[in-house]
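Okay, here's what each chain looks like letter by letter:
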Amino acid sequence: MANCPKCGVKLKPTDWRQHCPSCGANIVVYDLQERLMQDADIAEVQYYYFQKRIDRVKASFVGTKLAIIRIFTSLLPIIPLFLPLIRVTFPENVGIPGGKITLYSIINNVGDVDVNEIFSLLSGDMKRDASLFIAAAVMFAVSVVLILVHFILLTLSCSPKGKPRNIIQDVIMLLTSVGAAVCILIMPNAGKLTASLSYGAYIYIFLQIVSAVVDFMCIKQGIPVVHKQCYVGGIPIEEYFELQKTLSPEEIRAEQYKRLTAIQLENEKKIAEDEAKKHHNLSEEAVTSE
């Protein structure tokens, strides 16, 4: 349960009345202004930390021209996925039609794939071919998933661990993309299971390289993060944190009231000037119309 704001006595569940059973103070309205100010201080400090995250996300996407370009280059490798990636011949018992393979054909035929038959090839006379093909398929799948993961995590590229995270993702995407292509290239072209690269695979690797290069350039250049100025009781929050080290809460509160009063007077002055200007313009219009 809560404590009395005046005497500090711990209130029991039966102390539901408005007045404290110990000192008789009105619990609801006692020192209400100060309690509201304390809540406002807490809310404004929390908003400051939230705003810092928003500013970092904004800078990650549009902080520089290169960061804006990175948005598009990070998604470009998706385009070749709809082009022929490889030409493949499968054994009849696998249940997958051969020919040119695209992302669409993979999705369209995934329900017809007999996984057990594919892994059974690892124990037969096509063990080497099947191992290379499965390795290529796994690495290719990892590279495709990382395209989406990398794009999502661009929002955190200005966070403390954003740079090493992006570098690791770029390296893994390049290694898996190139590794999958190498596995296909070293597969023999004779036998029941054969595969060869098509033009979509080369475009896919090229765009992965472009994406990584732009990301590395963006990391090297750096992205300045411009933080929105936040206030606590009319005091800039950086100054507020410094005042907490040297002043008592009462002295800080007095300074806040001083600043808030000055802000209120300035706003009232501006409103009065705007009203006077408005009336002056109306008077001139009335004279002109006569």
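Refer to the structure above for everything that follows.
Peer 1: Please explain the nonpolar core as it appears in this structure.
Peer 2: In globular proteins that are soluble, nonpolar side chains generally tend to be buried together. Counting 27 residues, the largest nonpolar core has Val-88, Phe-133 and Ile-184 as its most contacted members. Counting only elements with at least two residues in this core, the list comes to β1 (86–89), α5 (127–153), α6 (162–185), β3 (194–197) and α7 (199–221).

Peer 1: When you look at the pattern of salt bridges in this model, what are you seeing that I'm missing?
Peer 2: One side chain can pair with another of opposite charge once the charged atoms of both are near each other. Counted according to the given criterion, the structure contains 5 salt bridges. Salt-bridge contacts for Asp-41 lead to Arg-253; the nearest nitrogen and oxygen are separated by 2.8 Å. Here Asp-41, found in helix α1 (residues 32–62), pairs with Arg-253, found in helix α9 (residues 249–289); they are 212 residues apart in sequence, far enough to count as distant. Accessibility expressed as a relative area gives 8% for Asp-41, which makes it buried.

Peer 1: I would appreciate a short explanation of the packing of aromatic side chains in the present structure.
Peer 2: The description of two aromatic rings rests on the distance between their centres and on the angle between their planes. Per the counting criterion, the structure on display carries 5 aromatic pairs. Joined through ring pairs, the aromatic side chains of Tyr-48, Tyr-49, Tyr-240 and Phe-241 make up one cluster.

Peer 1: What's the story with the environment of Leu-174 in this structure? I'm lost.
Peer 2: Residue placement: Leu-174 occurs in helix α6. Under the relative-accessibility criterion, Leu-174 is labelled partly exposed at 23%. Each C-alpha atom, one on Leu-174 and one on Ile-205, is 7.6 Å from the other, the two residues being 31 residues apart in sequence. Once residues lying within four places of it in the same chain are set aside, the contact partners of Leu-174 are Gly-179, Gln-208, Ile-209 and Ala-212.

Rules of the game
Residues numbered from 1 in each chain as written. Predicted model: local features only at pLDDT ≥ 70, side-chain atom pairs only at ≥ 80, totals over all residues. Heavy atoms only, no water. Core = buried A, V, L, I, M, F, W, Y, C linked by side-chain atoms within 4.5 Å. Buried < 20%, exposed > 50% of the residue type's maximum accessible area, 1.4 Å probe, protein only. Helix = DSSP H or I, 4+ residues; strand = E, 2+ residues; numbered from the N terminus. Salt bridge = Lys/Arg side-chain N within 4 Å of Asp/Glu carboxyl O. Phe/Tyr/Trp six-rings, centres within 6.5 Å; stacked < 30°, edge-to-face > 60°. Contact = heavy atoms within 4.5 Å.

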